[in-house]
Amino acid sequence: MIVNAYATQSAAEDLAPFTIDRRVPRADDVTIKIQYCGVCHSDLHTARNDWGNSQYPVVPGHEIIGVVESVGAEVTRFAVGDQVGVGCMVDSCRDCAACKQDLENYCENGSTLTYNGKDRQDGTPTYGGYSEKIVVSDRFVLKIPERIDLKAAAPLLCAGITTWSPLRHWKIGKGSNVAVIGLGGLGHMALKLAKALEANVTLFTHSPEKEADARRLGADKIIISKDAAQMKAAKGQFDLIIDTVPCDHDINPYLSTLSLNGTLVLVGFLGKFESLLNTVPLIVGRKSVAGSVIGGIAETQEMLDFCGEHGIVSDIEMINIQDINKAYERMLKSDVKYRFVIDMASLNSGQ
Ligand SMILES: NC(=O)c1ccc[n+]([C@@H]2O[C@H](COP(=O)([O-])OP(=O)(O)OC[C@H]3O[C@@H](n4cnc5c(N)ncnc54)[C@H](OP(=O)(O)O)[C@@H]3O)[C@@H](O)[C@H]2O)c1
Ligand SMILES: [Zn+2]
Ligand SMILES: [Zn+2]
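What counts, and where the lines are drawn
- Sequence order sets the numbering: in each chain, residues are counted from 1 along the sequence as written.
- All chains are assigned letters beginning with A, and all ligands numbers beginning with 1, in the order in which they are written.
- A pLDDT threshold of at least 70 governs which residues receive local features in this predicted model, and a stricter bar of 80 or more applies before side-chain atom pairs are shown or counted, although totals over entire chains, interfaces and linings include all residues.
- With hydrogens and water set aside, each side-chain value is computed from the structure's full complement of heavy atoms.
- Put simply, DSSP marks the helices as runs of H or I at least four residues long and the strands as runs of E at least two long, and each gets a number from the N terminus on.
- In this treatment the radius of gyration is a C-alpha quantity, and the globule benchmark scales as 2.2 Å times the residue count to the 0.38 power.
- With a 1.4 Å probe rolled over the protein chains alone, any residue whose accessible area is under 20% of its type maximum counts as buried; one over 50% counts as exposed, and the rest are partly exposed.
- Only heavy atoms enter the contact rule, under which two residues are in contact if any of them lie within 4.5 Å.
- What sets the accessible areas is the Shrake-Rupley method with a 1.4 Å probe; for residues, cover comes only from the shown protein chains.
- Water is absent from the atoms considered, so a metal site may look incomplete; donors are defined as N, O and S atoms within 2.8 Å of the metal, or 3.2 Å for Na, K and Ca.
- Under the classification used here, a metal with four donors is tetrahedral if each angle lies between 85 and 135 degrees, square planar if opposite donors are over 155 degrees apart and the others between 65 and 115, a six-donor metal meeting that same test is octahedral, and anything else is irregular.
- A side-chain nitrogen of Lys or Arg and a carboxyl oxygen of Asp or Glu constitute a salt bridge if their distance falls within 4 Å.
- Nearness here has a simple test: a residue counts as near a molecule or strand if at least one of its heavy atoms is within 4 Å of that partner.
- Any pair of nitrogen or oxygen atoms within 3.5 Å is treated as a polar contact; in protein, a donor-acceptor pairing is required on top of that, and neighbouring residues in sequence qualify only through side-chain atoms on both sides.

Peer 1: Explain the overall build of the protein chain here, please?
Peer 2: Counting its regular elements, the protein chain contains 11 helices and 17 strands. Relative to the 2.2 N^0.38 estimate, which gives 20 Å for 351 residues, the radius of gyration of the protein chain is 20 Å and therefore close to what a compact globule would have. Overall, the C-alpha framework of the protein chain stretches about 60 × 40 × 40 Å when taken along its three principal axes. Looking at the protein chain as a whole, 56% of its 351 residues are labelled buried. In the protein chain, 67% of the contacts between residues at least 6 apart in sequence involve partners at least 24 apart. Only carbon and sulfur atoms are counted for the fraction: they give 51% of the accessible area of the protein chain, which is about 15000 Å².

Peer 1: Is there a simple way to explain the coordination of the zinc ion (ligand 3) in this structure?
Peer 2: Looking at the zinc ion (ligand 3), the protein donor atoms are Cys 93 (SG), Cys 96 (SG), Cys 99 (SG) and Cys 107 (SG), and they sit 2.3 to 2.4 Å from it. Coordination geometry of the zinc ion (ligand 3): the 4 donor atoms subtend angles of 103 to 119° at the metal centre, consistent with an arrangement described as tetrahedral. In terms of primary sequence, the donors binding the zinc ion (ligand 3) are separated according to C-x2-C-x2-C-x7-C. Taking the relative accessible area as the measure of exposure, Cys 93 reaches 23% and is therefore partly exposed.

Peer 1: What is the right way to look at unusual backbone geometry in this model?
Peer 2: Most of the time, phi is negative for any residue but glycine, and the peptide bond is trans. The linkage connecting Tyr 56 with the following residue, Pro 57, adopts the cis geometry, with an omega of 0°. Here Pro 57 shows up in the loop between α1 (41-47) and β4 (64-71). Even without being glycine, Arg 286 reaches a positive phi, approximately 45°. Under the relative-accessibility criterion, Arg 286 is labelled exposed at 60%.

Peer 1: Even after reading the chapter, I still don't get the pattern of salt bridges, so can you show me in this structure?
Peer 2: A side chain of one charge can pair with a side chain of the opposite charge if their charged atoms are brought near each other. Scanning the model with the defined rule gives 21 salt bridges in all. With a closest N to O distance of 2.6 Å, Asp 315 and Lys 192 form a salt bridge. Placement of Asp 315 in the loop between α10 (297-310) and β16 (316-320) and of Lys 192 in helix α5 (residues 185-196) is noted, with a sequence separation of 123 residues between them. Since its relative accessible area comes to 16%, Lys 192 is described here as buried. Each of Arg 23, Arg 26, Asp 29, Asp 119 and Asp 122 takes part in one network of salt bridges that share partners.

Peer 1: Explanation requested: the site of ligand 1 in the structure shown.
Peer 2: Around ligand 1 sit 28 residues, and of these Thr 205, His 206, Ser 207, Lys 210 and Arg 339 come closest. A distance of 2.6 Å is found between an oxygen atom of ligand 1 and a side-chain nitrogen or oxygen belonging to Thr 205. Here ligand 1 has 920 Å² of accessible area as a free molecule, and 88% of this is covered by the chains. Where the shell around ligand 1 is concerned, the elements lending two or more residues are α1 and α5. Top element by residues in the shell around ligand 1 is α1. It accounts for 3 residues.

Peer 1: Please explain the coordination of the zinc ion (ligand 2) as it appears in this structure.
Peer 2: Six octahedral donors at a metal ideally form angles of 90 or 180 degrees, and four tetrahedral donors ideally form angles of 109.5 degrees. Distances from the zinc ion (ligand 2) to its protein donors, Cys 40 (SG), His 62 (NE2) and Cys 158 (SG), fall at 2.0 to 2.2 Å. If you list the donors of the zinc ion (ligand 2) from N- to C-terminus, the spacing comes out as C-x21-H-x95-C. Placement of His 62 in the loop between α1 and β4 and of Cys 158 in the loop between α3 (150-153) and α4 (159-169) is noted, with a sequence separation of 96 residues between them. Exposure remark for His 62: the relative accessible area of 7% places this residue in the buried category. With a relative accessible area of 4%, Cys 158 lands in the buried category.

By themselves, these are just geometric observations and shouldn't be taken as functional.
Structural data, given as structure tokens:
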């Protein structure tokens, strides 16, 4: 099945129109006509080979909302016309200890990513949501709650679950003290979700002009991370800090703001920090530095249902696919309010 898409052919090139051949649907496959796709900073990292593992052409996009166009003979949970979502994974080994605990995101054999991955059965490259249609095994398709704003729900599929999973793992609830570093796509979802879980929520930001938005999105307190006095005053406060910063930065100043037994969980930067880790605050306060990657399929459904019940969606700026390269440049300048979502109808509108 030949479908229109947007792809980049190398780290130095812009994204441009491209066609891809989607597989012939298998018995357990759901064929989805894509309506909206969120723009994650990981799309940009992969398009530009920031992690050194990009296989070109890259068709990014893993915050996919669409409508079911057809289902294979074995599919029982979905029917034609259903509103569905696809996130960062389209398969996993389904058999390892992690998969058996519904933690496909930690599959010991490597989950199959929605783009820049390889199909487990035929070895063909996976292409993401900047396209007309996608074919996905039913186990990796999510149900979208009724009455939710579909375009604004797209970012839940990555930004939502990536911040929900640590909030749940570290048992955040009423009265927990949570801080979020960075008010971008992930950060703004973290504020909303932590607030809905009835935590006390603080934002660390390097952009003072975001203060009013941060309050509207759920932050009770804002700390300007460049201001040493404000950082010092926050000593010993947080049970959990979710760090969404996408590039190298010094995490040491944040460690002293953790409470006894507190954890700083890294979800943003993938790689080696230049600054050495100071173990003193960790040892003295039994604190942890941890990492977390997206969430399992069951947990993603839990998050979507929670968002449906609480009326939580992303704050979005709609764009046409033709604007994607400009959107990436704005994302690099921390200038996103607070997630770009592509209207996929633009792909075929010839603009
Ligand atoms: N672990 C996972 O499963 C997972 C899933 C999705 C994405 N990610 C990764 O998470 C990161 C964030 O993604 P995103 O889509 O939320 O990105 P984003 O929308 O660009 O937001 C990142 C935010 O980080 C802050 N920031 C940016 N540059 C900074 C710098 N030099 N120093 C300090 N703060 C800076 C900015 O917030 P302020 O202006 O408020 O400071 C910015 O808005 C990316 O690296 C992405 O690849 C990981
Ligand atoms: Zn993502
Ligand atoms: Zn597995």
